[in-house]
Amino acid sequence: MPPFEEYCEEIKKIWDSHWLTNAGVEHNELENKLAERLSISNVSLVTNGHHALEIAISALGLKGEIITTPFTFVSTTSSIARSGCTPVFCDIDPVTLTMDPNKIESLITDRTVAILPVHVYGNICDVEAIQKIADKHHLKVIYDAAHAFNESYKGTNVSNFGDIAIFSFHATKVFNTIEGGCLAYKDPSLRSLISQLRDFGITEDDKIINFASGNAKMNEFQAAMGLCNLRHLDSEIEKRRKVATRYFNLLTGIKGIRLFTKQPQVCYNYAYLPVEFENFKFSRDEAINLLKANGIFARKYFYPLTSSFKPFLNSTSYTTPFAKTISENILTLPLYADLSIEDVEHICSLIIG
Ligand SMILES: *Cc1c(COP(=O)(O)O)cnc(C)c1O
């Protein structure tokens, strides 16, 4: 959270204007600042990351099968199903944990309309290979970049990959607007459509509605939180980097614990600290219980695979063996900017023993 006084100062403007929502001053300023920060021509704010996904699918007019990953938060898969599309699950690369591009083409049918990969834990998908496949088969690409805010790959901000990238600004993410999210995209012709999709389908002329749509507008208080948090983003990420580095120093070389090596040419935001247990003296589940008994809350993130959830089970069974093994053995350790180095040392000593 930003300093309390700073937030109060920011929201004073809202009391002066009495403008609470519907593209207010704070909202528009945040859209502009984010476009600058993400080096992308178009940013549309919405009420959360999930609605950003659903709106992205609608804006691209997708109807059919969408190839995606089961190793993600349930939101990715629900957004596909709730849009009337069918999720088709592709296995992941065991090193980056993102969609394995070598497994995509065999899943393409005449009903496939898009690919929806996730930059898991801020590891960047093989964007070049995925775009090549998409171009060859005339498919759209939406990146769930909820974990990759502010990251870049080969000097290009991740918001530039695919037709649309979505971000989540939920309280638990690296950058938050309490709840919130955005779509980032290059094609300016999508802008007015996305504005209609987040606001009941209302056009410039509010007597004309072209399609049924919901409400996903970000309000002024959320945007004010975003403007404050954005000022502190670089120092927050730097603090996270220091915490992550200490974890890496303590856990590197411990037999049975796999840390995920950083991808070259990726500038990270240090959102998560995943570790995989492989024949360690504890299983993943034993480790989580041990930490819990000591008042430390690690997460089984992501477990189980979304493909195993009841709404997404269908007649076709997809085998995603790497995703399955990873989800059974992975744990994300506590990581936040103000986590002390002593706490990191305590957590690691509990695990290592
Ligand atoms: C957080 C998250 C979402 C959903 O974002 P909300 O803002 O919580 O709606 C979607 N996908 C992934 C991978 C996430 O981590």
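This text goes with the structure placed above it.
Here the structure is a predicted model, which is why all the values come from computation and not from measurement.

Student: Give me the lowdown on the side chain of E6, citing residues and values where you can.
Tutor: Topologically, E6 is positioned in helix α1 (residues 4-17). A residue is classified by how much of its surface remains accessible, and E6, at 18% relative accessible area, is buried. A distance of 2.6 Å separates polar atoms of two side chains, one belonging to E6 and the other to R231. When near neighbours in sequence (up to four residues on either side) are disregarded, E6 contacts C228, R231 and H232.

Student: So, the sheet that holds strand β12 (residues 273-277): which residues are in play, and what are the values?
Tutor: If you trace the three strands from one edge of the open sheet to the other, you get β10-β12-β13, paired in antiparallel fashion. The open sheet is flanked by β10 (257-259) and β13 (330-333), the only strands paired with a single partner. Direction aside, neighbouring strands of the sheet carry axes that sit 35° apart on average. Inspection of the sheet shows β10 paired to β12 by three bridges, in the antiparallel sense. Bridge assignment links I257 to a residue of β12, and that residue is F277. Sheet strands in contact with helix α7 (residues 220-251) are β10, β12 and β13, and its direction is about 20° off that of β12. Contacting β12 and β13, helix α8 (residues 284-293) runs over the sheet at an angle of about 25° to β13.

Student: Describe the nonpolar core, naming the residues involved and giving the relevant values.
Tutor: Counting 85 residues, the largest nonpolar core has F71, F167, Y247 and L333 as the members making the most contacts within it. Residue contacts for Y247: discarding those within four places in its chain leaves L273, L333, P334, L339, V344, I347 and C348. Core analysis: the next-biggest nonpolar cluster, separate from the first, contains 23 residues, V46, L60, I66 and L183 among them.

Student: Could you give an account of the site of the ligand, with specific residues and numbers?
Tutor: Taken together, the neighbourhood of the ligand is formed by 16 residues, with G49, H50, D144, S168 and K173 sitting nearest. Here G49 contributes a backbone N or O atom positioned 2.8 Å from an oxygen atom of the ligand. Between the ligand and the protein, one listed contact pairs a nitrogen atom with a side-chain N or O atom of D144 at 2.7 Å. In the complex, the protein chains occlude 93% of the 380 Å² of accessible area that the ligand would expose alone. The residue inventory of the shell around the ligand, partitioned by class, reads four nonpolar, 10 polar and two charged.

Student: Residues and numbers for the environment of I124, please.
Tutor: Within the secondary structure layout, I124 lies in the loop between β4 (112-116) and α5 (127-137). Note: C-alpha distance between I124 and N249 (125 residues apart in sequence) is 23 Å. Not counting the four nearest positions on each side in its chain, I124 is found in contact with T98, H119, A148, E151, Y153, V158, Q263 and V266.

Student: Let's hear about a nonpolar patch on the surface: which residues, and what values?
Tutor: On the surface, a nonpolar cluster with roughly 250 Å² of combined accessible area is contributed by F200, I202 and I209. Structurally, I202 is set in the loop between α6 (191-197) and α7.

Student: Give a description of the packing of helix α3 (residues 49-59) against helix α4 (residues 74-82) that names residues and reports values.
Tutor: Running from amino to carboxyl end, α3 crosses α4 at an angle of 40°, the nearest separation of the two axes being 9 Å. Relative to α4, α3 is oriented so that their crossing is right-handed. In this structure, α3 uses H50, L53, E54 and I57 to contact α4, whose residues at the interface are S75, T76, S78, S79, I80 and R82.

Conventions used here
- Residues numbered from 1 in each chain as written.
- Predicted model: local features only at pLDDT ≥ 70, side-chain atom pairs only at ≥ 80, totals over all residues.
- Heavy atoms only, no water.
- Helix = DSSP H or I, 4+ residues; strand = E, 2+ residues; numbered from the N terminus.
- Buried < 20%, exposed > 50% of the residue type's maximum accessible area, 1.4 Å probe, protein only.
- Polar contact = N/O pair within 3.5 Å; in protein donor to acceptor, adjacent residues only side chain to side chain.
- Contact = heavy atoms within 4.5 Å.
- Pairing = 2+ DSSP bridges.
- Axes fitted to C-alpha atoms, helices over the stretch in contact; angles between N-to-C directions.
- Core = buried A, V, L, I, M, F, W, Y, C linked by side-chain atoms within 4.5 Å.
- Near = heavy atom within 4 Å.
- Areas by Shrake-Rupley, 256 points an atom, 1.4 Å probe, with all protein chains shown as cover.
- Nonpolar A, V, L, I, M, F, W, Y, C, P; charged D, E, K, R; others polar.
- Patch = residues over 30% accessible without salt bridge, like charges linked within 9 Å, V, L, I, M, F, W, Y side chains within 5 Å.
- Salt bridge = Lys/Arg side-chain N within 4 Å of Asp/Glu carboxyl O.
- Left-handed = near helix turned anticlockwise from the far one by under 90°.

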